[in-house]
Amino acid sequence: MGKISKVLVANRGEIAMRVLRTCREMGIKTVAVYSDPDRECNHVRFADEAYNIGPADSSSSYLNIEKIIEVAQKSDADAIHPGYGFLSENARFSKAVEKVGLIFIGPSPHSIDIMGNKLAAKKAVSNFDIPMVPGVDHPVADKAEAKKIAEELGFPILIKAAAGGGGKGMRVVDSIDTIEEQLDRAISEAKSAFGDGSVFIERYITKPRHIEFQIFGDKKGNYVHLFERECSIQRRHQKVVEEAPSAVLTEELRDRMGKAAIDVARSCDYYGAGTVEFMLDENLDFYFLEMNTRLQVEHPVTELITGLDLVKLQIHIAEGEDIPFSQEDMKISGHAFELRVYAEDPMNQFLPDSGVLKTYRAPDGNGIRVDDGFTQGQEISIHYDPLISKLISYGETREEAISKMLRAIEEYRIEGLATTLPFGKYVFEHRAFIDGDFDTKFVDRYFYPSLKEIEKPERDQLEASVVLASWLHQKKTHSTKMGTDSDKPSPWRRRYS
Ligand code: MV4
C-alpha cells in the first residue's frame, strides 16, 4: 500500500476514459493499453503513455494477464485499474497483480472468489440477517430431491447455476411435469457454460424490480452505502436505463436495504467499490441476489445524486486510506438517469451494429453528462461490447431529469450505425415509466408487442428509427393499446406518488 503515482488502465472505451480522467485530476500519471484495432481510440490519445498488447480478440489482448502485468512493470506503474468487464472480476488477475507488488484497484481475490459463486455467497451471508429468496443453499443434482424441494417451495420455481451471473443458466419451471428435464438441461448448460454443473433451486419471483446498492468498504473494515440504483429497465439481462434514487423506496426501506447491503459486504471482508443486487417484489419485500465486485457501468447516476467521484474514492481506498465521510454525512440530492447508447438496432431484435461513426455529436448543457470513448470518424468494432456512450441526465426532481433526458436524446446526432437512442425515447415517453410503474418485464410487456402493431411490409420498407418515431406519435392517440397485461392492477402504480 501507499501513494499511487502511476496507474495502468486495463480497459478500453468509455470506462477507460472515465478512469483516466480522474487519474489526471488527481495528478496521477496514466498508462493505456490497446489492441491492434484500438490504436486510434480516445483512451490511447488521452493517456500519458500507451502500449499495444496484441490482436483484436480479447483473449489475446484485454484478457491477457501476463502481457498487461508486463506492461505495468515495464512502464513503472504502481497500480492497475481494471474498469468493468474484461479482467475486473477475475480473482486470478487481482492475485497476479498483487504478487508482483502492484496495487489492484478493486477488492481482494478472496471477496471476488466468494461473490463469484452464488452458493458461496449465500453461505457467506447466512451468518447475517439478510433476506433471501426461499430456496436451498446447496447444489441439487438428484431428481427426486428436486421434486421434493419444488413441492415445498411451490411453483413456479427457478433453477439457477451456482457459477452463473447475469441470468445465464437460469430455468423457470412451472409444474412438476417438466422439472426432471429442466434439471437435466440446467445442469448440462451450466457445465458447458461455466465448467461447473452445480445448480440450486429458489422460488421464482415473477415480477421483481431490480434494485442495487452502491457500497464502499475500506481496508480497516469501515463501510458506507451510497444509496440505490433502480435497474429494472433491461432486456435479456442487459440493462438499458438506470436511475437513482428509485421511485419506489421509502426512507425506511432504503435504510433497511442499505444496512443489509453493508452486511453482505462485511460477510466477505470487502473493500473498495461494490454493488449489492436485490430483487424487490410486489409487497416491497426484498431479497439478496448477488454482489458485483467491480465499479459498475451505471455508477454515474450515484455520482450525480451524491456529488462524489467514485473512481477517486476507489483510488484512495486502494492506497489504504479510510473512507473520508460517515454514513450520516451522505444525503441524496436530486434525481439522475442513465441511458446506455448501444450500437444495436432496436427495430431488429437489438442486433449489434458495427461500422464507422459517420456523424457523432453528443448533447450537453444543463443537467447532461455524456461518458463516451469514441469520436466522429472512428469505427465501432464487432470485437467488443457495443456500448458507444452513456447519456446521463440530472435534475432536482425525477420529472426534470426525464425532460432533460428527452431533450438530450433529440440533440444527440449519431449517423453510420443504428443505436438504442430511439428505444430510449420510447422508454422515457412511456406513461408507465413516467409513473414509476414498471418492473423487470417492462421491455417484454410493452416494447415488443408495440412493434407487432406495425404492419410488416411497412416495417421492411421504412428506416427503423422513422418507424419507431411514427409509432411513438401514434401511441399518443391510442394509449390504451399499449399494455398486454393491463387487466391486472399494478402494485407499483399505487405506491408511487
Ligand atoms: C431471480 C428471479 C426471480 N426469482 N431469482 C436474473 C439475473 C440474476 N442476477 C438473477 N436473476 C433473477 N433471479 C428468483 N428466485 C428473476 C431474475 C431476473 C432478473 C433479476 C434482476 C434483474 C433483471 C432480471 C430479469 C429477469 C430475471
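This report concerns the structure included in the present document.

## A closer look at the site of the ligand
Part 1 of the reasoning: For the ligand, the set of nearby residues contains 18 residues, the closest of which are Lys160, Glu202, Arg203, Ile205 and Glu290.
Part 2 of the reasoning: Between the ligand and the protein, one listed contact pairs a nitrogen atom with a side-chain N or O atom of Lys160 at 3.0 Å.
Part 3 of the reasoning: Between a nitrogen atom of the ligand and a side-chain N or O atom of Glu290, the distance comes to 2.8 Å.
Part 4 of the reasoning: At the level of secondary structure, the elements contributing two or more residues to the shell around the ligand comprise strand 6 (157-161), strand 8 (199-203), strand 12 (272-280) and strand 13 (286-292).
Part 5 of the reasoning: Looking at the shell around the ligand, its residues break down into seven nonpolar, six polar and five charged.
Part 6 of the reasoning: Each of two domains, domain 2 (134-203) and domain 3 (209-476), supplies a minimum of three residues to the shell around the ligand.

## Some points on unusual backbone geometry
Part 1 of the reasoning: Omega for the bond connecting Phe155 with Pro156 falls within 30 degrees of zero, at -5°, which places this linkage in the cis form.
Part 2 of the reasoning: The residue Pro156 is located in the loop between helix 7 (143-153) and strand 6 in this model.
Part 3 of the reasoning: Notably, His237 is not glycine yet its phi reads approximately 70°, a positive angle.
Part 4 of the reasoning: Tracing the sequence through the fold places His237 in the loop between strand 10 (223-235) and strand 11 (238-244).
Part 5 of the reasoning: Judged by relative accessible area, His237 falls into the partly exposed class, the value being 48%.
Part 6 of the reasoning: Unusually for a residue other than glycine, Leu284 sits at a positive phi of about 65°.
Part 7 of the reasoning: Mapping Leu284 onto the fold places it in the loop between strand 12 and strand 13.
Part 8 of the reasoning: Under the relative-accessibility criterion, Leu284 is labelled buried at 18%.

## Focus on the packing of helix 12 (residues 398-411) against helix 13 (residues 421-429)
Part 1 of the reasoning: Between helix 12 and helix 13, the least distance of the axes is 10 Å, while the angle of their chain directions is 155°. Relative to helix 13, helix 12 is oriented roughly antiparallel. In this structure, helix 12 crosses over helix 13, and the sense of that crossing is left-handed. On the side of helix 12, the interface is formed by Ile402, Met405, Leu406, Ile409 and Glu410, while helix 13 contributes Leu421, Gly424, Lys425, Phe428 and Glu429.
Part 2 of the reasoning: Looking at the contact of helix 12 with helix 13 residue by residue, the class counts come to six nonpolar, one polar and three charged.

## Focus: the environment of Glu321
Part 1 of the reasoning: Mapped onto the elements of the fold, Glu321 is located in the loop between helix 11 (310-318) and strand 14 (335-342).
Part 2 of the reasoning: Expressed as a C-alpha distance, the spacing of Glu321 and Asp218, which sit 103 residues apart in the sequence, is 7.1 Å.
Part 3 of the reasoning: Setting aside chain neighbours within four positions, we find Glu321 in contact with Lys3, Asp218 and His316.

## Considering the sheet that holds strand 13
Part 1 of the reasoning: Taken in spatial order, the eight strands line up as 13-12-9-10-11-14-21-19 in an open sheet, and their pairing is antiparallel. Looking at which strands have only one partner, the edges of the open sheet turn out to be strand 13 and strand 19 (368-372). Taken over all neighbouring pairs, the strand axes of this sheet differ in orientation by 25° on average, direction set aside.
Part 2 of the reasoning: Sheet topology note: the strand 10/strand 11 ladder contains four bridges and is antiparallel. Within the sheet, the bridge partner assigned to Arg235 lies in strand 11 and is Gln238.

## Observations regarding the packing of aromatic side chains
Part 1 of the reasoning: In the structure shown here, the tally under the stated rule is 19 aromatic pairs.
Part 2 of the reasoning: Taken together, a centroid distance of 5.8 Å and an interplanar angle of 50° make the contact between Phe337 and Phe433 tilted. Pair noted here: Phe337 is in strand 14 and Phe433 is in helix 14 (residues 431-434), with a separation of 96 residues, a long-range link.
Part 3 of the reasoning: What makes Phe337 buried here is its relative accessible area of 0%.
Part 4 of the reasoning: Centre to centre, the rings of Tyr360 and Tyr412 are 5.8 Å apart; their planes meet at 65°, and the pair counts as edge-to-face. Note that Tyr360 is positioned in strand 18 (residues 359-361) and Tyr412 in the loop between helix 12 and strand 22 (413-415), a separation of 52 residues in sequence. As far as burial versus exposure is concerned, Tyr360 and Tyr412 are alike and both buried.
Part 5 of the reasoning: Cluster of aromatic residues (ring-pair linked, three or more members): Phe350, Phe423, Tyr426, Phe447 and Tyr448.
Part 6 of the reasoning: If you follow Arg209 out to its NZ or CZ, it ends over the ring of Phe438, 4.4 Å from the centre.

## A word on helix 11
Part 1 of the reasoning: The buried fraction of helix 11 amounts to eight of the nine residues, a majority that puts the element mostly inside the structure.
Part 2 of the reasoning: Restricting attention to buried positions, one finds in helix 11 the residues Leu310, Val311, Leu313, Gln314, Ile315, His316, Ile317 and Ala318.
Part 3 of the reasoning: Measuring from the backbone nitrogen of Val311 back to the side-chain oxygen at the start of helix 11 gives 3.0 Å, which picks out Asp309 as the cap.
Part 4 of the reasoning: Positioned one or two residues after helix 11, Gly320 has a phi angle of 95°, which is positive.

## Focus: the pattern of salt bridges
Part 1 of the reasoning: Applying the stated rule across the entire model yields 40 salt bridges.
Part 2 of the reasoning: Here Glu189 makes a salt bridge to Arg171, at a shortest N to O gap of 2.6 Å. Here Glu189, found in helix 8 (residues 179-194), pairs with Arg171, found in strand 7 (residues 171-173); they are 18 residues apart in sequence, far enough to count as distant.
Part 3 of the reasoning: Here Glu189 falls in the partly exposed class, since its relative accessible area comes to 30%.
Part 4 of the reasoning: The exposure class assigned to Arg171 is buried, which follows from its relative accessible area of 17%.
Part 5 of the reasoning: Residues Glu243 and Arg398 are paired through a salt bridge, measuring 2.9 Å at the closest nitrogen-oxygen approach. Here Glu243 is found in strand 11, whereas its partner Arg398 is found in helix 12, with 155 residues between them in sequence. This pair shows no difference in class: Glu243 is buried, exactly as Arg398 is.
Part 6 of the reasoning: Among the charged side chains, a network of salt bridges with common partners joins Glu212, Arg229, Lys239, Glu242, Glu298, Glu338 and Arg340.

Conventions we followed
- Residues numbered from 1 in each chain as written.
- Predicted model: local features only at pLDDT ≥ 70, side-chain atom pairs only at ≥ 80, totals over all residues.
- Heavy atoms only, no water.
- Near = heavy atom within 4 Å.
- Polar contact = N/O pair within 3.5 Å; in protein donor to acceptor, adjacent residues only side chain to side chain.
- Helix = DSSP H or I, 4+ residues; strand = E, 2+ residues; numbered from the N terminus.
- Nonpolar A, V, L, I, M, F, W, Y, C, P; charged D, E, K, R; others polar.
- Domains from an automatic or database assignment.
- Buried < 20%, exposed > 50% of the residue type's maximum accessible area, 1.4 Å probe, protein only.
- Axes fitted to C-alpha atoms, helices over the stretch in contact; angles between N-to-C directions.
- Parallel < 35°, antiparallel > 145°, perpendicular 65-115°, else oblique.
- Left-handed = near helix turned anticlockwise from the far one by under 90°.
- Contact = heavy atoms within 4.5 Å.
- Pairing = 2+ DSSP bridges.
- Phe/Tyr/Trp six-rings, centres within 6.5 Å; stacked < 30°, edge-to-face > 60°.
- Lys NZ or Arg CZ within 6 Å of the ring centre and 35° of its normal.
- Salt bridge = Lys/Arg side-chain N within 4 Å of Asp/Glu carboxyl O.

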